[in-house]
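One-letter residues, chain by chain:
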Amino acid sequence: MDYIDTKDVAAELRNRLKGAFPGVKFSVRKGTGTGSAWISVYWTDGPSTADVEEHTRPMQGSQFNGMEDRYESTDNTVTVTVEGRKVTGKPLVDGINTIGRSPTTR
């Protein structure tokens, strides 16, 4: 099975959110260092966190189990475009933070 790099998942997620919520500006950033397998999604106004998470959840390759203090596979696969070609595989993403703000909380 192919693995999809976090940066490619972030780019695909940005495109999907843009298509799902026209007119809403999203900032989709890949983490660095020990958080390099994490993605953060920021936006102001527009969709609820739950609505955005409907699109982010399938993009995670694993999730953190706090009860057992470990990451567990989600068995998700994702199809992304890399250098003009479609690639399907397991996303190398440990988690996606979703941080929406209303204009009054800036």
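To start, this report covers the structure provided alongside it. Computed from a predicted structure; not experimentally measured.

1. Focus: the overall build of the protein
Now for step 1: Each helix and strand in the protein was counted, giving two helices and eight strands.
Now for step 2: When its helices and strands are written in sequence order, the protein yields β-α-β-β-α-β-β-β-β-β.
Now for step 3: Whereas a compact globule of 106 residues would reach a radius of gyration of roughly 13 Å, the protein reaches 14 Å, a difference of no more than 12%.
Now for step 4: Across its three principal axes, the protein shows a C-alpha extent of roughly 45 × 40 × 25 Å.
Now for step 5: The contacts in the protein between residues at least 6 apart in sequence include a share of 58% that link residues at least 24 apart.
Now for step 6: Element-wise, carbon and sulfur atoms account for 47% of the exposed surface of the protein, whose accessible area totals about 6,600 Å².

2. As for the sheet that holds strand 8 (residues 95–101)
Now for step 1: Ordered by their spatial adjacency, three strands build an open sheet running 2-3-8, and the pairing between neighbours is mixed. With partners counted over all chains shown, the strands left at the sheet margins are strand 2 (26–30) and strand 8, one partner each. Taking the axes of each pair of neighbouring strands and ignoring which way they run, one obtains an average angle of 15° across the sheet.
Now for step 2: Where strand 2 lies against strand 3 (residues 38–44), five bridges are found, and the strand directions are antiparallel. In the strand pairing of strand 3, F26 is matched with W43.
Now for step 3: Most of the contacts of helix 1 (residues 6–20) go to strand 2, to which it runs at about 170°, and overall it touches strand 2, strand 3 and strand 8.
Now for step 4: Its contacts with the sheet put helix 2 (residues 49–56) on strand 2, strand 3 and strand 8, and the angle it makes with strand 8 is roughly 155°.

3. Let's talk about the sheet that holds strand 1 (residues 3–4)
Now for step 1: Ordered by their spatial adjacency, three strands build an open sheet running 1-7-6, and the pairing between neighbours is mixed. At either end of the open sheet lies a strand with only one pairing partner, and these are strand 1 and strand 6 (78–82).
Now for step 2: Pairing between strand 6 and strand 7 (residues 85–91): five bridges, direction antiparallel. Opposite T79, over in strand 7, you have T88 as the bridge partner.
Now for step 3: Its contacts with the sheet place helix 1 against strand 1, strand 6 and strand 7, and it is angled at close to 95° to strand 6.

Rules used throughout
Residues numbered from 1 in each chain as written. Predicted model: local features only at pLDDT ≥ 70, side-chain atom pairs only at ≥ 80, totals over all residues. Heavy atoms only, no water. Helix = DSSP H or I, 4+ residues; strand = E, 2+ residues; numbered from the N terminus. Rg over C-alpha atoms; globule rule 2.2 N^0.38 Å. Contact = heavy atoms within 4.5 Å. Areas by Shrake-Rupley, 256 points an atom, 1.4 Å probe, with all protein chains shown as cover. Pairing = 2+ DSSP bridges. Axes fitted to C-alpha atoms, helices over the stretch in contact; angles between N-to-C directions.

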